[in-house]
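# Report on the structure
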Amino acid sequence: MFHFPIQNQALKLKHSSIELVIKREDLIHPFISGNKFRKLKYNLEALKATGATAMLTFGGAFSNHIAAVAYAGKTYGVKTIGIIRGEELATKRKLNATLEFAQSCGMHLKYVTREVYKNKMNPEFLQELEQEFKGVYILPEGGTNNLAVKGCEEILTPEDAQFDYICSAVGTGGTTAGLINASQKHQKILGFPALKGDFLQEDIRKFATQENWTLIKDYHFGGYGKIKPELVTFINNFKKAYQLPLDPIYTGKMLFGIFDLIDRGYFPEDSKILAIHTGGLQGIAGVNNMLKRKNRPLIEV
């Protein structure tokens with residue numbers, strides 16, 4: 001079911017001495033792919049150890065995390081509950097491939113308003129959910145906790161010590177924190193946030209054990225779920241050039257940023273860059289539905 005070892009795919013860059021390699025974490029599994037597998041690995045073990053009967057977590061319309069948790073629950077015989085941001089989605093779920101998939105895997109979806117969703121870390125709100133759904137194991141939005149970071153630390157291998165830069169998209173910061181903790185002293189970790197705002201800096205610091213990292217905040221394209229035509233064009237051209245699919249929420253933005261930084265001379269000559277493909281390809285269908293309704297170019301699949 002899960003495919004190891006992970007393939008590293010080198011890209012041929014024109015007119016550059018820089019070496020760029022993609023770690024294909026997306027190949028681990030079609031639905032529990034990339035960092036989602038890493039984050040769930042030890043949390044599923046903890047759920048069984050505590051005797052919980054279900055896993056409850058949080059996410060939005062195109063959440064890779066929601067889809068992965070739902071499929072993992074189906075695979076391992078664990079009930080799953082998703083607290084979904086956006087009460088209006090309850091009537092639009094037929095148009096949303098991610099939520100349809102989660103529901104088809106047996107996940108119970110509870111839609112809440114965006115105002116209520118902001119309480120996702122509030123102890124009182126979590127206690128209310130524990131009372132409503134008895135015997136649940138609560139996993140934070142994006143799956144980020146100490147056990148998730150532990151799993152993400154396993155992304156890097158001893159062979160990856162050759163790289164000068166390790167790049168990753170950033171959602172909730174758990175994957176980046178794991179990479180920071182597992183990196184070598186000479187390496188620099190670059191995180192490419194998919195969201196606007198400076199809160200991720202502190203979120204990562206909660207788990208990071210080194211200071212060899214920085215967030216590149218110029219490539220979020222307006223925030224989570226915001227898809228601009230130039231990003232779609234880049235993703236489609238990238239797939240044609242390298243036969244490698246990217247998702248529009250995370251990895252597409254990261255690779256767009258890496259290529260732009262290379263063009264701008266951000267990386268010294270002869271730099272070796274490892275970019276982590278964290279999966280998330282399931283989100284393309286939902287994004288294409290949204291683009292289709294707006295009569296915009298689609299991501300080629």
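In the block above lies the structure referred to throughout.
Residues numbered from 1 in each chain as written. Predicted model: local features only at pLDDT ≥ 70, side-chain atom pairs only at ≥ 80, totals over all residues. Heavy atoms only, no water.

### Some details on the packing of aromatic side chains
Under the convention used in this document: Working definition: a ring pair exists when centres of Phe, Tyr or Trp rings (six-membered ring for Trp) sit within 6.5 Å. Plane angles under 30 degrees give stacked, over 60 give edge-to-face, the rest tilted. Runs of H or I in DSSP of at least four residues are treated as helices and runs of E of at least two as strands, each being numbered from the N terminus. Accessibility here uses a 1.4 Å probe with only protein chains present; expressed as a share of the type maximum, an area under 20% marks a residue as buried, one over 50% as exposed, and anything in between as partly exposed.
Taken as a whole and assessed by the stated rule, the structure comprises 15 aromatic pairs. Plain terms: the ring middles of F234 and F238 are 5.8 Å apart, the flat faces sit at 40° to each other, and that makes the pair tilted. Placement of both F234 and F238 in helix α9 (residues 229-242) is noted, with a separation of four residues, approximately one turn of the helix. Assessed through its relative accessible area of 3%, F238 is described here as buried. On the numbers, 5.7 Å between centres and 70° between planes, the contact of F234 with F259 is edge-to-face. Remark: F259 occurs in helix α10 (residues 251-263) and F234 occurs in helix α9; sequence separation between them is 25 residues. By relative accessible area, which is 15% here, F234 ends up buried. We classify F259 as buried; its relative accessible area is 19%.

### What about the pattern of salt bridges?
For clarity, the cut-off: Salt bridges are identified by distance alone: a Lys or Arg side-chain nitrogen within 4 Å of an Asp or Glu carboxyl oxygen.
Applying the stated criterion to the full structure yields 13 salt bridges. We note a salt bridge from R85 to E141, for which the minimum N-O separation is 3.5 Å. Taken together, the residues span a long stretch of sequence, with R85 in strand β4 (residues 79-85) and E141 in the loop between β6 (136-138) and α6 (146-152) at a distance of 56 residues. Classification of R85 as partly exposed rests on a relative accessible area of 21%. Assessed through its relative accessible area of 23%, E141 is described here as partly exposed. As a salt-bridge pair, E300 and K240 come within 4.0 Å of each other at their nearest N and O atoms. Pair noted here: E300 is in the segment after α11 (283-293) and K240 is in helix α9, with a separation of 60 residues, a long-range link. Residue E300 is classed as partly exposed on the basis of its relative accessible area of 40%. Taken together, the shared-partner salt bridges connect R85, K120 and E141 into one network.

### A short note on a positive patch on the surface
Put simply, the rule reads: Patches in this entry comprise residues that are over 30% relatively accessible and not in a salt bridge; like charges within 9 Å are linked, as are nonpolar side chains (Val, Leu, Ile, Met, Phe, Trp, Tyr) within 5 Å. For every accessible area listed, the method is Shrake-Rupley and the probe measures 1.4 Å; residues are considered covered only by the protein chains on display. Only four residue types enter the charge count: Lys and Arg as positive, Asp and Glu as negative, with His and the chain ends excluded. Just so you know, the charge point we use is NZ for Lys, CZ for Arg, CG for Asp and CD for Glu.
Together, K196, K226, K228, R293, K294 and R296 line one region of the surface with positive charge. Mapped onto the secondary structure, K196 falls in the loop between β8 (188-193) and α8 (199-205).

### So, helix α3 (residues 97-104)
Put simply, the rule is: Arc definition: directions from the helix axis to the C-beta atoms. Two residues qualify as a contact provided that any one of their heavy atoms is within 4.5 Å of a heavy atom in the partner residue.
Among all positions of α3, only T98, L99, F101 and A102 are buried. Projected down its long axis, α3 shows its buried positions confined to an angular sector of 155°, all on one face. Packing partners of the buried residues in α3 comprise α2 (64-76), β4, β5 (108-112) and α11. A positive backbone phi angle near 100° is found at G106, which sits one or two residues after α3.

### Focus on the sheet that holds strand β2 (residues 19-23)
Through backbone hydrogen bonds, the strands of a sheet pair up, either in parallel or in antiparallel fashion. The line we're drawing: Note on pairing: two strands pair once DSSP finds at least 2 bridges between them. Axis geometry follows a simple rule: fit a line to the C-alpha atoms, using only the stretch in contact for helices, then measure angles between N-to-C directions, giving values from 0 to 180 degrees.
Taken together, six strands build an open sheet; the order of strands is β1-β2-β10-β7-β8-β9 and the sheet is mixed. At either margin of the open sheet sits one strand with a lone partner, and together these are β1 (8-11) and β9 (213-215). Between one strand axis and the next, the sheet turns through 25° on average, direction left out of account. Bridge count between β2 and strand β10 (residues 272-276): five bridges; the pairing is parallel. Paired with K23 across the strands is I276, a residue of β10.

### Section: the sheet that holds β5
Overall, parallel pairing links the four strands, which are arranged β5-β4-β3-β6 in an open sheet. Edge strands, defined here as strands with exactly one partner in the open sheet, are β5 and β6. Averaged over all adjacent pairs, the angle separating strand axes in this sheet is 25°, with direction ignored. Here strand β3 (residues 54-59) runs beside β4; their pairing, made up of six bridges, is parallel. From the neighbouring strand, T57 faces β4, where its bridge partner is G82. Its contacts with the sheet place helix α5 (residues 123-132) against β3, β4, β5 and β6, and it is angled at close to 140° to β3.

### As for the environment of V112
Mapping V112 onto the fold places it in strand β5. Classification of V112 as buried rests on a relative accessible area of 7%. Non-local contacts of V112, meaning those with residues more than four positions away in its chain, are made with I83, I84, R85, G86, E87 and Y117.

### Things to note about the packing of helix α1 (residues 35-50) against α2
Heads up, the condition is: The scheme is simple: roughly parallel for angles under 35 degrees, roughly antiparallel for over 145, roughly perpendicular for 65 to 115, oblique for anything else. Note on convention: the crossing is left-handed when the near helix lies turned anticlockwise from the far helix by less than a right angle, right-handed when the turn is clockwise.
It is at 11 Å that the axes of α1 and α2 come closest, and there the two elements cross at 45°. Taken together, the axes of α1 and α2 lie oblique to each other. When you trace α1 past α2, the crossing you get is right-handed. On α2, the residues touching K36, L40, L44 and K48 of α1 are N64, H65, A68, V69, A72 and Y76.

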